[in-house]
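Chain by chain, the residues run as shown.
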Amino acid sequence: MIMNKDLTVGKPQTVLWQFSLPLLGSILFQQLYNIADSLVAGKFVGENALAAVGNAYEITLIFIAFAFGSNIGCSVVVSRLFGAKKFCELRTAVTTTFLSVGVLCAALMALGICFCRQMLGLINTPAEVMADSQLYLDIYILGLPFLFYYNVSTGVFSAMGDSRTPFIFLALSSTSNILVDILFVTAFNMGVAGVAWATFLCQGVSCVLAVLALLRRLRALPASGKPPLFSWPLLKNIVVIAVPSTLQQSFVSVGNIIIQAVINSYGPSVMAGYSAAIKLNNLVITCFTQLGNGMSNYISQNIGAGKEERLAPGFTAGLRMSYVVLAPIVLLYFLFPRAPISVFMNEGSQAALTTGVQFLRIVSPFYLVIVVKLIADGVLRGAGLMSQFMISTFTDLLLRVVLCIGLSSAFGVVGIWCSWPIGWIIGTGLSLWFYRGFTRRLGRP
């Protein structure tokens, strides 16, 4: 059943709700991969295992940055071609991305295998968690092709207005991941390796299903003649979007690694508490980043169709939708943070629990600020305004890193947590300023 959706017709608020809810569900299930790893490691292996998985996760974000950039670059270009009904070029854009991603993925795997331990050393990984952190990373790197091709495939589905198909794949595979995690760790006593292999297997199944479904969907699109497999001009268009997105995510990852290095100096208990809290934090940020990506698809399709008058109403509708979804999360994290944090902890992990609760109480109220930036960034990406997008994001990141280092020496870990809200407030102000400049050029209020 074809589920492509034209985002250029219908009331923007209704269109975005219908498109974004499955998208939000997809990213929730995607995050279950990492949350399940930490949850099973913390509950069934121990505090050091939780610290090891959380520590390795900061390195994996570098690889995720490249996969995210590939997703966004392909998605924005395909959205515009879909909106313009240029289906032959659309198919070429997808195959061009697939071929290019294969080369990129091979290079990253080689670098990761060669320098895994050195990267862990750079973030001051304690000796007691080094072996498990490296083991987790080694297995994760073997699964990079699954990560990349799944992200590109779901990006294409979203670009064509289909957010339900990725949701179905992820719901099945992430649920399986939790069960396989527990099986490998409890029944087979595989420890951190079991957590990593479970993710490898289940993400692999999700990737294969997504790619096969995408190829079938592409063959169903009307196209005159056989489209070429590769196009340098289309690759250039994809790279123009992908490289800034990758750099943005990479610098965010590097910034997070620097912050992780500061946190590691406080010992395994603080590391474990931060690992649990940052998973919960990233769950929120990633979900609303994905909504911002959905906004990019909406903006790009409408620009491709020449319907610029729908852009500003779409931004307003996106914000309203985001606040409806966000409100209960803020209340949970701020008023009852022990409940979600304790899911990752054993009863004896009181120091780690206190750390996680403290982080969530300081950071969670400012989700109401950062969500504005994420939706505005979606507009900037969809419109191809990548330099403005990068400026606001790098400013946020740079402030967070500098403040983390500076405030930690004066206020300890509380100072580190406070660096998030300050960076978010300033970054959001910049994104809104760039968005307003864009709408003024369109002649919109």
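As a reminder, the structure under discussion sits directly above these lines.
Residues numbered from 1 in each chain as written. Predicted model: local features only at pLDDT ≥ 70, side-chain atom pairs only at ≥ 80, totals over all residues. Heavy atoms only, no water.

(A) Representation of the overall build of the protein chain in the model. Along the protein chain, the regular secondary structure elements total 15 helices and zero strands. Expected size for 445 residues packed as a compact globule is a radius of gyration near 22 Å; at 21 Å, the protein chain falls within 12% of this value. Considering only C-alpha atoms, the protein chain reaches an extent of 65 × 45 × 35 Å along its principal axes. The buried share of the protein chain, taken over its 445 residues, is 60%. A gap of 14 Å separates the mean positions of the 27 positive and 15 negative side-chain charges of the protein chain. (Helix = DSSP H or I, 4+ residues; strand = E, 2+ residues; numbered from the N terminus. Rg over C-alpha atoms; globule rule 2.2 N^0.38 Å. Buried < 20%, exposed > 50% of the residue type's maximum accessible area, 1.4 Å probe, protein only. Lys, Arg positive; Asp, Glu negative; His and termini not counted. Charge placed at Lys NZ, Arg CZ, Asp CG, Glu CD.)

(B) Up close: the packing of aromatic side chains. One pass over the structure, following the stated rule, counts 17 aromatic pairs. Residues Tyr136 and Tyr140 carry aromatic rings whose centres are separated by 6.5 Å and whose planes lie at 20 degrees to one another, so their mutual orientation is stacked. Taken together, the residues span about one helical turn, with Tyr136 and Tyr140 both in helix α4 (residues 127-142) at a distance of four residues. Judged by centre distance (5.2 Å) and plane angle (80 degrees), the rings of Trp197 and Phe200 are edge-to-face. Taken together, the residues Trp197 and Phe200, both in helix α7 (residues 191-220) and three residues apart, mark about one turn of the helix. Sitting above the plane of the Phe389 ring, Arg381 keeps its charged end 5.1 Å from the centroid. (Phe/Tyr/Trp six-rings, centres within 6.5 Å; stacked < 30°, edge-to-face > 60°. Lys NZ or Arg CZ within 6 Å of the ring centre and 35° of its normal.)

(C) Structural detail: helix α2 (residues 47-83). Helix length check: α2 (37 residues) gives 50 Å between terminal C-alpha atoms against 54 Å at 1.5 Å per residue, within 8%. The sharpest bend along α2 measures roughly 35 degrees and falls at Glu58. Burial of α2 is extensive: 32 of the 37 residues sit out of reach of the surface. In the stretch just after α2, Lys85 is the one whose phi turns positive, near 60 degrees. (Expected span 1.5 Å × (residues − 1). Bend = angle between axes of the 7 residues up to and from the residue.)

(D) How the structure looks around the packing of α2 against helix α3 (residues 87-122). Packing of α2 against α3 leaves a shortest axis separation of 10 Å and a crossing angle of 170 degrees. Relative to α3, the element α2 is oriented roughly antiparallel. The segment α2 lies against α3, with Asn55, Ile59, Phe63, Phe66, Ser70, Cys74, Val77, Val78, Leu81 and Phe82 engaging Phe87, Glu89, Leu90, Ala93, Val94, Thr97, Val101, Leu104, Leu108, Gly112, Met119 and Leu120. Taken together, the residues that form the contact of α2 with α3 break down as 17 nonpolar, four polar and one charged. (Axes fitted to C-alpha atoms, helices over the stretch in contact; angles between N-to-C directions. Parallel < 35°, antiparallel > 145°, perpendicular 65-115°, else oblique. Contact = heavy atoms within 4.5 Å. Nonpolar A, V, L, I, M, F, W, Y, C, P; charged D, E, K, R; others polar.)

(E) Structural context of the nonpolar core. By size, the foremost hydrophobic cluster in this structure holds 74 residues, and its most contacted members are Phe359, Tyr367, Ile416, Trp417 and Trp420. Beyond its immediate chain neighbours, meaning those up to four positions away, Ile416 contacts Ile259, Val262, Ile263, Tyr266, Cys404 and Ser408. In terms of nonpolar packing, the next biggest core, distinct from the first, is built from 60 residues, Val101, Ala193, Cys207 and Ala261 among them. (Core = buried A, V, L, I, M, F, W, Y, C linked by side-chain atoms within 4.5 Å.)

(F) Representation of a nonpolar patch on the surface in the model. Taken together, the side chains of Ile113, Leu142, Leu183, Phe188, Met190 and Trp197 define a hydrophobic patch exposed on the protein surface, amounting to about 540 Å² of accessible area. Inspection of the secondary structure assignment puts Met190 in the loop between α6 (164-187) and α7. (Patch = residues over 30% accessible without salt bridge, like charges linked within 9 Å, V, L, I, M, F, W, Y side chains within 5 Å. Areas by Shrake-Rupley, 256 points an atom, 1.4 Å probe, with all protein chains shown as cover. Salt bridge = Lys/Arg side-chain N within 4 Å of Asp/Glu carboxyl O.)

(G) The side chain of Asp396, seen in detail. Following the sequence through the fold, Asp396 ends up in helix α14 (residues 386-411). Note on Asp396: relative accessible area 3%, which makes it buried. Among all residues touching Asp396, those that are not within four sequence positions of it are Lys373, Gly423, Trp424 and Gly427.

(H) Region of interest: the packing of α3 against helix α5 (residues 144-159). α5 packs onto α3 with a crossing angle of 155 degrees between their chain directions and a minimal axis gap of 9 Å. Here α5 runs roughly antiparallel to α3, going by the angle between their axes. Crossing of α3 against α5: the hand is right-handed. On α5, the residues that touch Val94, Thr97, Phe98, Val101, Gly102, Leu104, Cys105, Leu108 and Met109 of α3 are Leu144, Pro145, Phe148, Tyr149, Val152, Ser153 and Val156. Looking at side-chain class alone, the contact of α3 with α5 contains 13 nonpolar, three polar and no charged residues. (Left-handed = near helix turned anticlockwise from the far one by under 90°.)

(I) Structural detail: the side chain of Ser133. Tracing the sequence through the fold places Ser133 in helix α4. The class for Ser133 is buried, based on a relative accessible area of 0%. Only 3.2 Å separates the side chain of Ser133 from the backbone oxygen of Ala52, close enough to count as a polar contact. Here Ser133 is in contact with Ala52, Asn55, Ala56, Leu120 and Thr125, once residues within four sequence places are set aside. (Polar contact = N/O pair within 3.5 Å; in protein donor to acceptor, adjacent residues only side chain to side chain.)

(J) Seen up close, the environment of Leu283. Mapped onto the secondary structure, Leu283 falls in helix α9 (residues 268-304). In this structure Leu283 comes out as buried when scored by relative accessible area, which is 17%. C-alpha of Leu283 to C-alpha of Phe29: the two residues are 254 residues apart in sequence and 9.8 Å apart in space.

(K) Looking closely at unusual backbone geometry. Although it is not a glycine, Lys85 adopts a positive phi angle of roughly 60 degrees. Tracing the sequence through the fold places Lys85 in the loop between α2 and α3. Positive phi, close to 55 degrees, is recorded for Asn189, a residue that is not glycine. If you trace the backbone, Asn189 turns up in the loop between α6 and α7.

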